[in-house]
Amino acid sequence: MNNVFAIKRFGALVKKECREFFGNFGLTVLSMTGTYVIYLLASLLSSSPPGILSRLSLIIVWTGFALVFAPSKVYGTANHKKMGLSYVQLPSSALEKTISMFVVTYLCVTLSMLISLFAVDTLFYLLFPSRSSGFLLTGSHSMFSIKTFFDLFVIQSLFVLGNMVFKRQKVVKTLAVLIGFVFLLSFVMGLLVKAIGIEVVERWIDTMLKDFPQEIEPGRIVGMRGLRLWSVENPLIRNFVFITDTVRGLVVASCWFGTYRLIKTTKY
Amino acid sequence: MIEINNLTFSYSKNKVFDGLTLSLTKGNVYGLLGQNGVGKTTLLKLLAGLQQSTKDACVVNGFHPYGRQPEFLQDVFYLPDDPESPTGTINQFVRHNGPFYRGFDYKQFRSMMDRFEVNPDEKFKNLSAGQQKKAFISYALALNTKVLLLDEPSNGMDITSKSVFRSIVAGHISEEQVIIISTHQVRDLENLIDPVIILDQKQVLLHASIEEITKKLSFITAAKEEEGVLYSEQTPLGYSMVKANVTGVDTKVDLEALFNAALQHKEWFKEHFKNGRQ
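Residues numbered from 1 in each chain as written. Chains lettered and ligands numbered in written order. Predicted model: local features only at pLDDT ≥ 70, side-chain atom pairs only at ≥ 80, totals over all residues. Heavy atoms only, no water.

Colleague: Please provide a residue-by-residue account of the overall build of chain B, values included.
Modeller: The number of helices and strands found in chain B is 9 helices and 12 strands. For chain B, whose C-alpha radius of gyration is 20 Å, the value lies close to the compact-globule estimate of 19 Å for 278 residues. In terms of overall dimensions, chain B has C-alpha extents of about 60 × 45 × 35 Å along its principal axes. In chain B, which comprises 278 residues, the share counted as buried stands at 55%. For chain B, the share of sequence-separated contacts (at least 6 apart) that also reach a separation of at least 24 residues comes to 66%. Averaged over its 30 positive side-chain charges, chain B has a centre that lies 4 Å from the centre of its 33 negative ones. (Helix = DSSP H or I, 4+ residues; strand = E, 2+ residues; numbered from the N terminus. Rg over C-alpha atoms; globule rule 2.2 N^0.38 Å. Buried < 20%, exposed > 50% of the residue type's maximum accessible area, 1.4 Å probe, protein only. Contact = heavy atoms within 4.5 Å. Lys, Arg positive; Asp, Glu negative; His and termini not counted. Charge placed at Lys NZ, Arg CZ, Asp CG, Glu CD.)

Colleague: Can you explain the interface of chain A and chain B? Please cite residues and give values.
Modeller: Residue-level contacts link 27 residues of chain A with 29 residues of chain B. Both sides of the chain A and chain B interface together cover about 2,500 Å² of buried area, and 56% of this is carbon and sulfur. Among the residues of chain A in contact with chain B, Asn3, Gln89 and Pro91 of chain A are the three that bury the most area, contributing 27% of the side total. Inspection of the chain A/chain B interface yields 1 salt bridge. Across the chain A-chain B interface, the total number found is 13 residue pairs in polar contact (both at pLDDT 80 or more). Counting residues per element, the ones that place at least two in the side of chain A that touches chain B are α1 (7-45), α3 (85-89) and α9 (235-265) of chain A. Take the side of chain A that touches chain B: its biggest share by element is 7 residues, from α1 of chain A. Tallied by class, the residues present in the side of chain A that touches chain B amount to 10 nonpolar, 8 polar and 9 charged. (Buried area = accessible area lost by both parts, 1.4 Å probe. Salt bridge = Lys/Arg side-chain N within 4 Å of Asp/Glu carboxyl O. Polar contact = N/O pair within 3.5 Å; in protein donor to acceptor, adjacent residues only side chain to side chain. Nonpolar A, V, L, I, M, F, W, Y, C, P; charged D, E, K, R; others polar.)

Put into structure tokens, the structure is as follows:
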């Protein structure tokens with residue numbers, strides 16, 4: 001018997017956890033879909049219906065929210081001293097349990113949220129075509145890039161790890177740690193800028209902006225999309241984007257490894 | 001089947017076991033007795049891989065439990081004293097989890113549930129603590145794992161269910177299995193457990209079969225208290241006593257009296273019993 005990874009056993013585990021997923025998280029998906037319905041119904045009353053971009057943004061944000069809460073809803077008991085016993089004792093390897101946890105929380109949540117929200121939006125479009133600003137699926141390509149899904153995956157990975165690290169109030173504590181980390185990073189960056197000298201940094205930014213291509217709207221530089229377009233021409237920014245993506249990749253990998261170690265070594 | 005060799009284990013500064021050595025063989029229902037906090041549950045958790053032991057100190061079916069390898073997990077199941085009930089019905093839980101164990105027998109599970117008179121289509125949350133316990137015990141037994149670790153299984157059960165439980169376990173144990181039952185309710189499990197293990201002060205105080213115990217000890221009830229007994233307790237029928245068996249006549253083991261006698265005369269017990277050592 002393969003004690004590290006067996007595809008048949010892994011398949012059975014994913015199947016079992018997918019079945020349990022809808023019992024544990026189905027109501028949350030329904031309630032989040034319900035709030036989207038309320039949003040669409042409320043838009044009927046307004047003078048201008050929400051555009052495709054607003055609806056898509058809301059769908060992505062809603063999916064992101066679902067991914068934040070899913071690990072603690074579906075696997076919240078995995079590290080519980082008593083409730084986690086059936087999980088830890090299940091004859092499956094730590095690797096299989098880790099991959100299944102990521103697959104189920106990511107795929108099941110993303111798919112169920114996107115399918116239900118898109119279905120509701122399509123139904124709304126078919127019922128009230130005059131009050132809708134357009135069919136969502138036709139305008140969704142640009143927003144639903146691989147990068148969007150990777151962004152969602154990063155969020156999910158952080159909260160899967162947080163779910164295994166903390167025993168109680170998992171989402172709140174994970175958020176608190178992330179906020180604390182952002183503050184710490186900002187503080188370190190502040191110290192770095194101070195050490196280098198603010199004038200040097202300002203000069204560097206000016207040099208960068210001098211090369212900024214005219215065809216890109218200045219507002220778009222704020223987002224990574226703008227940076228990406230610019231990075232094609234600017235090697236420094238290209239390196240910055242590369243480092244950012246690498247760090248995000250490392251964060252995801254660390255989350256996976258951390259979750260694996262915790263599944264393997266948590267004591268009950 | 002289970003080899004514990006010089007096991008030392010602590011919860012931070014609180015040492016629970018210090019050089020514990022124990023060898024358990026298949027085909028037996030072991031009774032694990034001891035005072036509160038002596039480490040009965042901890043020992044079961046170590047055997048199930050829920051707590052960390054050093055690699056050579058604890059070997060179950062040839063595996064180090066804390067490695068939690070699937071092959072190990074398929075043949076070991078630990079049922080805690082107060083298992084937390086999952087969401088959904090008993091049937092859903094059993095059908096989702098049971099098939100992961102190679103020995104799982106759903107018909108056996110249904111048959112045990114029938115004997116306990118619990119409806120498997122009920123949701124866990126709608127059942128009393130005792131009914132939940134019966135469902136978990138039926139599930140644990142139906143998994144047919146080689147090692148089954150039951151922590152206070154009769155707690156919360158009514159009198160009839162305790163009798164059904166004894167009957168089910170007695171009929172269930174096979175030559176390939178070992179069941180370890182940790183309990184304070186020794187009277188509930190009399191006639192079921194053999195051998196008996198008593199833990200005390202980080203060590204094994206007694207590890208002996210019922211046959212060995214009856215050969216060395218006499219359990220008697222008399223109107224008057226006798227001289228030179230190891231343990232004596234006044235009961236409505238007179239005195240219940242434990243003394244060294246010098247006549248060679250076998251008597252029925254009173255587990256509660258045995259436990260009390262062992263705690264009062266530790267040195268005598270250590271001297272007269274091999275404690276599982278060959």
